[in-house]
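Next come the chains, spelled out residue by residue.
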Amino acid sequence: MSIQTLFYIGGRLIKGLLVLFVIAIFNFFLIRAAPGDPAKVMAGEAGATDELFLQQLREQFGLDQPLYYQLWVYISNLVQFDMGETYRQQMPVFDLIMDRLPATLLLTGTAFVLSLVLGVLVGVIAASNHRKWIDSAISVAALVFYATPLFWLALMAVLLFSVFLGWLPAFGMETVGANFTGWDRFVDIAEHLVLPAMTLGLFFTAVYARMARTSMIETSRADFVKTAKAKGMKPSRVTFRHTLRNALLPVVTLAGLQAGQMIGGAVLTETVFAWPGIGRLMFEALFQRDYNLLLGVFFISSAMVVLFNLATDLIYCIVDPRIELAK
Amino acid sequence: MKPLLKVEDLSIRLPEGADRPYAVQNLSYALNPGEILCVVGESGSGKSMTANAIMGLLPKAIQAERGAITFDGHDLVSLEERRARKMRGNRISMIFQEPMTALNPLMRIEDQIGEVFLIHSDMSKQQRQARTLELLKDVGLPDPEKAMKVYPHQLSGGQRQRVMIAMALALEPSILIADEPTTALDVTTQAQILHLIKELQRKHGTAVMFITHDFGVVAEIADRVVVMQYGKMVEIGDAQQVLNDPQHDYTKKLIAAVPPLVAPEREVQDRSKQRPALSVKSLCKTYVSPGSWFKPGRTVHAARDVNFDLYRGETLGLVGESGSGKSTVSRCIVRLLESDSGEILLDGDAIQDLDNKALAPYRKKIQMVFQDPYASLNPRKTVGRIIADGPIAQGVPVAEAMQRAKELLALVELPETALDRYPHEFSGGQRQRVGIARALAHNPQVLVADEAISALDVSVQAQILELIDTLKKKLNLAVLFVVHDLRVAAQVCDRIIVMKHGQIVEAGETKAVFEDPQHDYTRNLIESIPGADWRSGHQPQPAVGKIA
């Protein structure tokens, strides 16, 4: 890696920090714009509507202070890597997020790899059979998965595979109380993973398949593909060595976008399948108006987006020699 | 002599709905060992289709219906794909028109050439590399060691075409098919590539089938010539015979449409007392690609201290190769680009710094005809609207503007019925007429034609040139003719300006410049024109038929 590349990455990271700073402020106001506050929610749950009790709670959380002062506290803590404590569990937000992060990454990561590999594969098959029945079948299937709402798909999958067939567990990440270890635990988690990962991945599989198909068909008309054929190459070699590599470039861009959403993008799936990940954490925090926790999740998610954008650009440079970094 | 390749009674059917049933019909000709056979024709004549049939590269929807292509005892039309692949790139290879897109952008040159050996031989990696390096030296690439490791985008068009040639000749094929290999190149690069093909052809005794639309190129390299029209062969013969004594009417027309490389005698007018319609003074335009903290920006001088005057009633040619800045200058003049410094005086008024509102009345006085008639007309508007929109924007009532559009169509010799039709219903030449009518809708004094004919077939070119010339006289226009084709420049321009790297290197009366060029660059340009000796006035000209 050249010194220029390192400088470039450094520059991008500094810019990324600025972006994060702006996002943090924006998030802060966005959350306050929602009606209600944590004190009201907690008081409501306790069955008390006593003004005094509310007042005490607000004082305890520092919510009685003026807004600009709260923002100042939040930001100054944040730059010291302190995201505060949750109102409810009284736990450090950072610890809570880190506790839930592996589950989410496992789910979204699996869905990501699955959709990318499957989508490109299906797209290539469709493109190689352009205008034959198999192409039409794939296109129709892709359109169906593209248009069907995630949660409905998830519910149907649970009905079919868990309720009727009984093949796969319907919710959770591990069998409760089984206390598996080693290989057994791995299999157990894998079984629990199948349905949510499929549900989450299907949409993007459809997107990649459509994109890969279009891109392959377009690229197969390029002059250099004709050059490759004129060399006397087998069609399979032309497809994989010449067409596919070039056709993948737009897919990489899209994959970068999806990768950035890996943390925040699974709220629905995690909720339906009771997957103990960040999405569900965020969902709960939202209802409890747990400002600190919400802000924490938002912040980590946006940091991920910034990082994955940078990673995508770097990967793009590797796959396409025409792109130069330091510009 | 026993022919190497024989095309016999070949007919290739086009799919339903094409403009004619056959791409190629009852075609028969032979390619002899060690000769260069030029296949000439205008676009759509079926010349490339034949080449693709020989290579087995026809699109799936289009297949040879009848006939045979015999090579080495095999019929290439009926040969099974697996065995045809063994020939392709090995015994018969091909190079294409567009060097910019013909190479895989994601593969190093070394791997792209090496692939040919990988497919057809069992050479080791070292052997492949050594052979590739040898090939790159053979085709005259500067610094071949470095060229091995680069990607296509790091090479110029001419260099890429050299790589393509190296690739095609890698296994010393018996036949090289070259499909318009120099059409996309500048004239000096074209001369080099033609020279290279000829040299390698002699060295290896390869038979070359050279497809082109340019009779100049034919004159430069052909041993024999096949002339095609609408998928049929209309003439075949020795190059000298076809070029100088064509038999078929179509060949005669094509050759007559090639402008001879002699500037005709022109009346030199004293214009010193006249005020120029357009005056360009010290025009400068620099492109700076932004640098960063670590990398200096790149500066390209597209125009450096450009000065010229243009008078009404004359045609001034702006010639040069790509990157010479001629298009930049023309775009600065019509204010499609902002110049950095200098003055642009239109009818005596400086327009270079006017804002959009102040500029509006001047826009009428200077109009442009663009290069690509397929891309420069809005496909969703009728021809009438395309022509009338400019005046309407300037405040002319719609009915009046449409009436004027009708008159303009008559002026550019298009039927009145064209008014309500859309651009896609017209041929390239007709569209360019619409483009001219659109430019004339404002009654301009200055017409800037930016490569206005270079996308057209040669016979259509002649018609458009004639039209522009007629209009110039009729309307007393000042025409700035941006052109890379020196043959055209010699015929239509009263004066020419030669540009190189953003600077004017030579300017003068056309005849004087062509007969006695002062600058080395001009001389080089003129010498590079393919077939410069042919039709230079030393030989009898063929009878000129009326161009259809």
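Note that the structure is a prediction, hence the values are computed from the model and not measured.

In this section: the overall build of chain A. Secondary structure summary: chain A contains 13 helices and zero strands in total. Starting at the N terminus and ending at the C terminus, chain A contains elements arranged as α-α-α-α-α-α-α-α-α-α-α-α-α. The principal-axis extent of the C-alpha atoms belonging to chain A is close to 85 × 55 × 40 Å. Taking all 327 residues of chain A together, the buried fraction comes to 34%. Contacts in chain A between residues at least 24 apart in sequence constitute 72% of all its contacts with a sequence separation of at least 6.

What follows is about the overall build of chain B. Helix and strand counts for chain B stand at 19 helices and 20 strands. Against the 2.2 N^0.38 benchmark of 24 Å for 548 residues, chain B shows a C-alpha radius of gyration of 25 Å, consistent with a compact globule. Out of the 548 residues belonging to chain B, those deemed buried represent 47%.

The next subject is the domain arrangement of chain A. Residue and element names in this part refer to chain A. One can read the domain layout of chain A as domain 1 (3–79) and domain 2 (99–319). At the interface, 15 residues of domain 1 touch 12 residues of domain 2. Elements represented by at least two residues in the side of domain 1 that touches domain 2 include exactly α1 (3–33) and α2 (38–46). For the side of domain 1 that touches domain 2, the per-class residue count stands at 10 nonpolar, three polar and two charged.

Turning next to the environment of Asp111 of chain B. With respect to the helices and strands, Asp111 of chain B occurs in helix α3 (residues 109–120). It is 43 Å that separates the C-alpha atoms of Asp111 of chain B and Arg431 of chain B, two residues lying 320 residues apart in sequence.

Our next topic: the sheet that holds strand β8 (residues 207–212) of chain B. Remark on secondary structure: sheet strands pair via backbone hydrogen bonds, oriented parallel or antiparallel. Residue and element names in this part refer to chain B. Spatially, the six strands line up as an open sheet ordered β6-β7-β8-β3-β9-β10, and their pairing is mixed. The two strands at the open ends of the sheet, each matched to only one other strand, are β6 (92–95) and β10 (232–238). This sheet shows a mean twist of 15° between the axes of neighbouring strands, independent of strand direction. Bridge count between β6 and strand β7 (residues 175–179): four bridges; the pairing is parallel. Across the sheet, residue Met94 finds its bridge partner in β7, namely Ile177.

Attention shifts here to the nonpolar core. For soluble globular proteins, the rule of thumb is that nonpolar side chains tend to be buried together. The biggest cluster of nonpolar side chains holds 168 residues, and the ones touching the most others in it are Ala166, Ile177, Met209, Phe210, Val218 and Phe481 of chain B. Leave out the neighbours within four places in its chain, and Phe481 of chain B touches Thr315, Leu316, Gly317, Leu318, Ala449, Val492 and Cys493 of chain B. Among the nonpolar cores identified, the runner-up in size contains 60 residues, and Val93, Ala154, Met198 and Ala259 of chain A belong to it.

Residue and element names in this part refer to chain B. Ordered in space as β16-β17-β18-β13-β19-β20, the six strands form an open sheet in which the pairing is mixed. In this open sheet, the two strands that pair with only one neighbour each are β16 (366–369) and β20 (503–509). Here the average twist between neighbouring strands, direction ignored, is 20°. Strand direction decides the pairing type here: β16 and strand β17 (residues 446–450), joined by four bridges, are parallel. If you follow Gln367 over to β17, its bridge partner there is Leu447. With respect to the sheet, helix α15 (residues 428–440) is in contact with β16 and β17, its orientation differing from that of β16 by roughly 170°.

Moving on: helix α4 (residues 125–138) of chain B. Since the α-helix packs 3.6 residues into each turn, any two residues three or four apart lie on the same face. Residue and element names in this part refer to chain B. With 14 residues, α4 should cover 20 Å at 1.5 Å per step; its first-to-last C-alpha distance of 20 Å lies within 8% of that length. If you check which residues of α4 are buried, you get Arg128, Thr132, Leu135 and Leu136. Taken around the axis of α4, the buried residues stretch over an arc of 95°, which confines them to a single face. Every exposed residue of α4 that faces more than 90 degrees away from the buried side is listed here: Gln126, Ala130 and Glu134.

Time to look at the interface of chain A and chain B. Of the residues lining the interface, 21 residues belong to chain A; the matching set on chain B comes to 27 residues. Elements with a minimum of two residues in the side of chain A that touches chain B: α1, α9 (223–230) and α10 (235–260) of chain A. Sort the elements by how many residues they give to the side of chain A that touches chain B and α9 of chain A lands first, with six residues. Taken together, the residues of the side of chain A that touches chain B break down into seven nonpolar, five polar and nine charged.

Right, let's talk about the pairing of β7 of chain B for a bit. All names here are of chain B. Among the five residues that make up β7, five are buried, leaving the element largely enclosed by the rest of the structure. Along β7, one buried face is formed by Ile175, Ile177 and Asp179 and the opposite face, lined by Leu176 and Ala178, is buried too. Two strands pair when backbone bridges link them, and β7 and β8 are joined in this way by five bridges, in the parallel orientation. Across the sheet, Leu176 pairs through a bridge with Val208, a residue of β8.

All names here are of chain A. It is at 10 Å that the axes of helix α5 (residues 93–128) and helix α13 (residues 291–319) come closest, and there the two elements cross at 55°. Viewed along their axes, α5 and α13 adopt a mutual orientation that is oblique. Between α5 and α13 lies a crossing whose hand is right-handed. On α13, the residues touching Val93, Phe94, Leu96 and Ile97 of α5 are Asn292, Leu293, Gly296, Val297 and Ile300. Residue composition of the contact of α5 with α13, grouped by class: seven nonpolar, two polar and no charged.

Now for the confidence of the model for chain B. Residues and elements named next belong to chain B. Of the residues in chain B, 96% reach a pLDDT of 70 or more, and the chain-wide mean stands at 88. Taken together, the stretch residues 538–548 has pLDDT below 50 and engages in 18 contacts with residues farther than four places along the chain or on a different chain. Across the whole predicted complex the pTM is 0.81, and at the interface the ipTM reaches 0.80.

The rules we used
- Residues numbered from 1 in each chain as written.
- Chains lettered and ligands numbered in written order.
- Predicted model: local features only at pLDDT ≥ 70, side-chain atom pairs only at ≥ 80, totals over all residues.
- Helix = DSSP H or I, 4+ residues; strand = E, 2+ residues; numbered from the N terminus.
- Buried ≥ 20, exposed ≤ 12 C-beta atoms within 10 Å, placed from the backbone.
- Contact = placed C-beta atoms within 7 Å.
- Rg over C-alpha atoms; globule rule 2.2 N^0.38 Å.
- Domains from an automatic or database assignment.
- Nonpolar A, V, L, I, M, F, W, Y, C, P; charged D, E, K, R; others polar.
- Pairing = 2+ DSSP bridges.
- Axes fitted to C-alpha atoms, helices over the stretch in contact; angles between N-to-C directions.
- Core = buried A, V, L, I, M, F, W, Y, C linked by C-beta atoms within 7 Å.
- Expected span 1.5 Å × (residues − 1).
- Arc of directions from axis to C-beta.
- Parallel < 35°, antiparallel > 145°, perpendicular 65-115°, else oblique.
- Left-handed = near helix turned anticlockwise from the far one by under 90°.
- pLDDT = per-residue confidence, 0-100.

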